[in-house]
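# Coordinate inspection notes
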Amino acid sequence: MTTFPTPADEAEARAVQDALRTRVVLDETGPPPGTGHVTGVDVAYDEERDVVVAAAVVLDAATLGVVAESTARGTVSFPYIPGLLAFREIPTVLAALEELPVDPGLVVCDGYGLAHPRRFGLASHLGVLTGLPAIGVAKNPFTFHHEQPGPRRGDSSPLLDEGEEVGRALRTQDGTKPVFVSVGHRTGLDNACAHTLALARDFRQPETTRRADALCRSALREALA
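Residues numbered from 1 in each chain as written. Predicted model: local features only at pLDDT ≥ 70, side-chain atom pairs only at ≥ 80, totals over all residues. Heavy atoms only, no water.

A few words now on the packing of aromatic side chains. Inspection of every chain in the model, using the stated rule, returns three aromatic pairs. Seen in terms of ring centroids, Phe142 and Phe144 are 6.3 Å apart; in terms of plane orientation they differ by 80 degrees. Their pairing is edge-to-face. What makes Phe144 buried here is its relative accessible area of 7%. An aromatic cluster is present here, built from Tyr112, Phe142 and Phe144 joined pairwise through their rings. (Phe/Tyr/Trp six-rings, centres within 6.5 Å; stacked < 30°, edge-to-face > 60°. Buried < 20%, exposed > 50% of the residue type's maximum accessible area, 1.4 Å probe, protein only.)

Rendered as structure tokens:
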């Protein structure tokens, strides 16, 4: 894994984004859905105590059974600035990934990849630093425009920024709100959507996100007890 020094300020953070963005790989399809490992990552905060806990949960892509999981605790070392969320989360996420005893495979982030104002959201940032294929599956569309997809599971519509498709609004369950899928690193958009549907068999969110969210929240409670 790559070390992650904390930028001194907003300007330095944006410079880091600009430098790393050139390393995003967009011409790989990515691993086939339903094969190998898929890993969900998520974080939970206690802002008053400046504590952040990250969780990484590895699932068997075919069965969605848990293969391995890990957590890491850190401190909030960068302020909240829209578009720069990765600098708050990635150091602890990297530590959690390093504790895994197995290959993470595809990493699924609760956030954005190319669907980011600077085309370098958490999924792209994490993918570049680790070299792992990564996608972002977010609960809201950030600032981008989309038409509502059809009402059935699998229906989708482009997520647009001034005419550029930066991701897709994807309906994972009939009649529920869509999720917002974008490429992070080493995975195509069609494949990212296929993975998301394969991971969201019973719920709106991918099982990777559900499991990682539950684990980091539990670990945070334990850390603060």
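Right, let's talk about the pairing of strand E4 (residues 106-109) for a bit. Consecutive residues of a regular strand have side chains that alternate between opposite faces of the sheet. Residues Leu106 and Val108 line one face of E4 and the alternating positions Val107 and Cys109 line the opposite face, and both faces are buried. Across four bridges, the pairing between strand E1 (residues 37-46) and E4 is parallel. Along E4, the bridge assignment pairs Val41 with Cys109. Two elements, E4 and strand E5 (residues 134-138), share three bridges in a ladder whose sense is parallel. Within E5, the residue paired with Val108 across the bridge is Ile135. Of the crossover connections in this fold, the one passing from E4 over helix H3 (residues 122-130) to the parallel E5 is right-handed. (Helix = DSSP H or I, 4+ residues; strand = E, 2+ residues; numbered from the N terminus. Pairing = 2+ DSSP bridges. Right-handed = clockwise from strand over helix to strand, strands pointing away.)

Looking now at the environment of Ala214. Tracing the backbone shows Ala214 in helix H5 (residues 207-224). The spatial distance from the C-alpha of Ala214 to the C-alpha of Ala44 is 9.5 Å, given a sequence separation of 170 residues.

Turning our attention to the pattern of salt bridges. Tallied over the full model, the rule gives 14 salt bridges. Glu47 serves as the salt-bridge partner of Arg88, at 2.6 Å between the closest nitrogen and oxygen. Residue Arg88 is located in helix H2 (residues 86-98), and its partner Glu47 is located in the loop between E1 and strand E2 (51-60); the two are separated by 41 residues in the primary sequence. Looking at Arg88, the relative accessible area reads 5%, which means it is buried. Given a relative accessible area of 45%, Glu47 falls into the partly exposed group. As a salt-bridge pair, Arg217 and Asp213 come within 2.9 Å of each other at their nearest N and O atoms. Here Arg217 and its partner Asp213 are both found in helix H5, four residues apart, which amounts to about one turn of the helix. Residue Arg217 is classed as partly exposed on the basis of its relative accessible area, which comes to 47%. Overlapping salt bridges bring together Asp18, Arg21 and Arg118 as one network. (Salt bridge = Lys/Arg side-chain N within 4 Å of Asp/Glu carboxyl O.)

On to the packing of H2 against H3. When two helices pack together, their arrangement is captured by the angle between the axes and the distance separating the axes. Where H2 meets H3, the closest approach of the two axes is 11 Å, and the angle between their N-to-C directions is 45 degrees. As summarised for this structure, H2 and H3 are arranged oblique, according to the angle between their axes. For the pair H2 and H3, the sense of crossing is right-handed. Residues Ala86, Phe87, Glu89, Ile90, Val93, Leu94 and Leu97 of H2 touch H3, and the partners they reach there are Leu122, His125, Leu126, Leu129 and Thr130. For the contact of H2 with H3, the residue count by class is nine nonpolar, two polar and one charged. (Axes fitted to C-alpha atoms, helices over the stretch in contact; angles between N-to-C directions. Parallel < 35°, antiparallel > 145°, perpendicular 65-115°, else oblique. Left-handed = near helix turned anticlockwise from the far one by under 90°. Contact = heavy atoms within 4.5 Å. Nonpolar A, V, L, I, M, F, W, Y, C, P; charged D, E, K, R; others polar.)

With that settled, consider the pairing of strand E6 (residues 156-161). For E6 and strand E7 (residues 164-170), the ladder comprises six bridges, and the chain directions are antiparallel. Bridge pairing in E7 links Leu160 to Glu165. The hairpin formed by E6 and E7 contains two residues between the paired strands, and Glu162 there has a positive phi angle of roughly 50 degrees.

Turning next to the layout of surface pockets. Estimates place the volume of the largest pocket at around 620 Å³. If you trace the largest pocket, you find 31 residues lining it, with Leu85, Glu89, Asp110, Gly111 and Tyr112 closest to the centre. Of all the elements in the fold, those that place two or more residues in the lining of the largest pocket are E1, H2 and H5. The element best represented in the lining of the largest pocket is E1, accounting for five residues. Split into classes, the residues belonging to the lining of the largest pocket amount to 16 nonpolar, eight polar and seven charged. (1 Å grid on protein atoms, 1.4 Å probe; cavity = no way out; pocket = protein on both sides within 12 Å on 5 of 7 lines; lining within 4 Å. Points joined across faces, edges and corners; volume = space filled by probe spheres on them.)

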